[in-house]
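Next come the chains, spelled out residue by residue.
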Amino acid sequence: MGMGRRLLDWLADRAGLDSVRSFLAHKTVPKHSATVWYYFGGITLFLFVIQVLTGMLLLLYYRPTPTEAFESVQFIVTRVQFGWLVRSIHSWSANLMVLAALVHMFSVFFLRSYRAPRELIWFSGIVLLLLTLAFGFSGYLLPWNTLSYFATKVGTDMAGVVPVAGGFLLRFLRGGEEVTGATLTRFFGFHVAVLPGLTTMLLLFHLALVQKWGMSTPEKHRGTGQEPIPAIPFFPNFVLRELIAWYGALAALGTLAALFPWDLGAKADPFASAPAGIRPEWYFLAVFYSLKQIPSKVLGFDGEVLGILTFGLLAAVWALMPVWDHPPAGVERHRALTGAGVFAIAYLLVFSALGYWR
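Bear in mind that the values here come from a model prediction, so they are computed numbers and not experimental data.

Peer 1: How should I be thinking about the overall build of the protein chain in this particular structure?
Peer 2: Helix and strand content of the protein chain: 14 helices and 4 strands. Counting only C-alpha atoms and orienting by the principal axes, one finds that the protein chain spans roughly 70 × 60 × 35 Å. Sequence separation of at least 24 residues holds for 77% of the intrachain contacts in the protein chain that already meet a minimum separation of 6. Just so you have it, the protein chain exposes about 20200 Å², and 71% of that area is on carbon and sulfur atoms. Measuring between centres, the 27 positive side-chain charges of the protein chain sit 5 Å from its 19 negative side-chain charges.

Spelled out as structure tokens, the structure:
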């Protein structure tokens, strides 16, 4: 036996790799017409890793102060070799990660994969989606350009109208009453320390639950329950397909980053007037546009507050879906939930488009 073989055997024995090999040899994944939707969870994870790697490279040059933030990003995109590409990949991957996370959430919803015993997978996934949106919101301000400054001001103003806790939330996010250097420093801390730490811990918990309970099979593919559900080996069959999906995501990401570099814009001037048509990132557009359409007073109540409460209630109902929908479920309930999911997607698409074009 050669030295290399003995070293590998030693590592396998000390690291317990035999149990990993046994796990990979016996783990399977359900095979049915909806299997393609399983890949979006992995794509979201892949894009998160891209975010971490490119973010670490950007940290080598970025300076989180109002006087240097814009100039440091400008230096990255104009002077650092391939700096423009790294920043563009970081920005595009953030947007694609939100998109992949939303597709993953809706696929889990339509496949009813949140039902017992996978309720905690759904709950942890909802929190991970919220953390993903928080990543986008906190990172948007860091270039300290005009668009990001006033979009952050609008976003934090919305948090300020939340009943009871609004004032606290506004000061907590801004680090004061206005968007200042304290806000930039605070958002930088959220973006590079707090959110990555929370996301990593929750992601490990989420993946552990997925490994424990496995991927669910839609009811229509379960048959009578007597015959075995068709499955494919996790390794190498599913893993290779997942890698192909990652390669496709990387190709789309590289194409967008190279052909449509992320614009830096002009440096923020807190004393200037907000530019016309200011709006948040696309994943907040539907809520932003909806709140703009609500009258200032509705039955004597503040319209914006009423809108915030309504969206909060709808989000809570969605997050608690395993509580409302559990087997056995009738055909009518199944159709009603499917209709609600289709309506939610249509609403997000239509109101996001209206928020962008108007």
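Don't stop here, the text continues.
Peer 1: Looking at this model, I keep getting lost on the nonpolar core. Mind explaining?
Peer 2: Most often, soluble globular proteins have nonpolar side chains that are buried together. Counting residues in each nonpolar core, the largest one holds 46 residues, and the members touching the most others are Leu-47, Tyr-62, Trp-144, Leu-184, Phe-238 and Leu-253. Counting residues per element, the ones that place at least two in this core are α3 (39-59), α4 (69-78), α5 (83-110), α6 (119-140), α7 (146-160), α9 (181-213) and α10 (234-259). The element that contributes the greatest number of residues to this core is α9, accounting for 7 residues. Residues contacting Leu-184, with those up to four places away along its chain left out, are Tyr-62, Pro-64, Thr-65, Pro-66, Ala-69, Leu-141, Leu-142 and Trp-144. Among the nonpolar cores identified, the runner-up in size contains 14 residues, and Phe-109, Leu-129, Ala-319 and Ala-344 belong to it.

Peer 1: Would you mind going over unusual backbone geometry with me for this structure?
Peer 2: Trans peptide bonds make up the majority, and among non-glycine residues the majority have a negative phi. The omega angle of the peptide bond from Ala-116 to Pro-117 is 10°, so this bond is cis rather than trans. Along the chain, Pro-117 falls in the loop between α5 and α6. Following Phe-235, the chain continues into Pro-236 via a peptide bond in cis, with omega recorded as 5°. Inspection of the secondary structure puts Pro-236 in helix α10. Phi at Arg-112 is positive, roughly 60°, even though this residue is not glycine. Mapped onto the secondary structure, Arg-112 falls in the loop between α5 and α6. Phi at Val-164 takes a positive value of approximately 70°, unusual for a residue other than glycine.

Peer 1: Can you walk me through the pattern of salt bridges in this structure?
Peer 2: Side chains bearing opposite charge may pair, as long as their charged atoms lie close to each other. Enumeration according to the criterion identifies 11 salt bridges in this entry. Arg-333 serves as the salt-bridge partner of Asp-325, at 3.7 Å between the closest nitrogen and oxygen. On the accessibility criterion, Asp-325 (1% relative accessible area) is buried. Owing to a relative accessible area of 34%, Arg-333 belongs among the partly exposed residues under this scheme. Among the ionic contacts, a cluster of salt bridges with common partners joins Arg-112, Arg-115, Asp-325 and Arg-333.

Peer 1: How should α4 be read in this particular structure?
Peer 2: Think of an α-helix as turning once every 3.6 residues; residues three or four places apart then point the same way. Buried within α4 are the following residues: Ala-69, Phe-70, Ser-72, Val-73 and Ile-76. Taken around the axis of α4, the buried residues stretch over an arc of 165°, which confines them to a single face.

Peer 1: How should I be thinking about helix α8 (residues 166-174) in this particular structure?
Peer 2: Turning to α8, its buried residues are Gly-166, Leu-170, Leu-173 and Arg-174. Down the axis, α8 shows its buried residues gathered within 90° of arc, on one side only.

Peer 1: Honestly, the side chain of Glu-281 in this entry has me stumped. Any pointers?
Peer 2: Structurally, the position occupied by Glu-281 is in the loop between α10 and α11 (285-293). Beyond its immediate chain neighbours, meaning those up to four positions away, Glu-281 contacts Asn-95, Tyr-140 and Trp-262.

Peer 1: Is there a simple way to think about the packing of α5 against α10 in this case?
Peer 2: The geometry of a pair of packed helices is captured by two quantities: the angle between their axes and the separation between those axes. For the pair α5 and α10, interaxial distance at closest approach is 9 Å and the crossing angle is 125°. Relative to α10, the element α5 is oriented oblique. The way α5 lies across α10 gives a crossing that is right-handed. Residues Trp-84, Leu-85, Ser-88, Ile-89, Trp-92, Ser-93 and Leu-96 of α5 pack against Leu-253, Leu-256, Ala-257 and Ala-258 of α10. For the contact of α5 with α10, the per-class residue count stands at 9 nonpolar, 2 polar and no charged.

Peer 1: Which parts of the structure should I look at to understand the environment of Leu-243?
Peer 2: Note that Leu-243 resides in helix α10. In this structure Leu-243 comes out as partly exposed when scored by relative accessible area, which is 43%. Along the primary structure Leu-243 and Val-49 are separated by 194 residues, whereas in three dimensions their C-alpha atoms are 14 Å apart.

Peer 1: Explanation requested: the side chain of Lys-27 in the structure shown.
Peer 2: Here Lys-27 is to be found in the loop between α2 (17-26) and β1 (28-30). Side chain to side chain, Lys-27 and Gln-211 meet in a polar contact 3.4 Å long. Beyond its immediate stretch of four places on either side in the chain, Lys-27 contacts Gln-211, Pro-233 and Phe-234.

Procedures and definitions
- Residues numbered from 1 in each chain as written.
- Predicted model: local features only at pLDDT ≥ 70, side-chain atom pairs only at ≥ 80, totals over all residues.
- Heavy atoms only, no water.
- Helix = DSSP H or I, 4+ residues; strand = E, 2+ residues; numbered from the N terminus.
- Contact = heavy atoms within 4.5 Å.
- Areas by Shrake-Rupley, 256 points an atom, 1.4 Å probe, with all protein chains shown as cover.
- Lys, Arg positive; Asp, Glu negative; His and termini not counted.
- Charge placed at Lys NZ, Arg CZ, Asp CG, Glu CD.
- Core = buried A, V, L, I, M, F, W, Y, C linked by side-chain atoms within 4.5 Å.
- Buried < 20%, exposed > 50% of the residue type's maximum accessible area, 1.4 Å probe, protein only.
- Salt bridge = Lys/Arg side-chain N within 4 Å of Asp/Glu carboxyl O.
- Arc of directions from axis to C-beta.
- Axes fitted to C-alpha atoms, helices over the stretch in contact; angles between N-to-C directions.
- Parallel < 35°, antiparallel > 145°, perpendicular 65-115°, else oblique.
- Left-handed = near helix turned anticlockwise from the far one by under 90°.
- Nonpolar A, V, L, I, M, F, W, Y, C, P; charged D, E, K, R; others polar.
- Polar contact = N/O pair within 3.5 Å; in protein donor to acceptor, adjacent residues only side chain to side chain.

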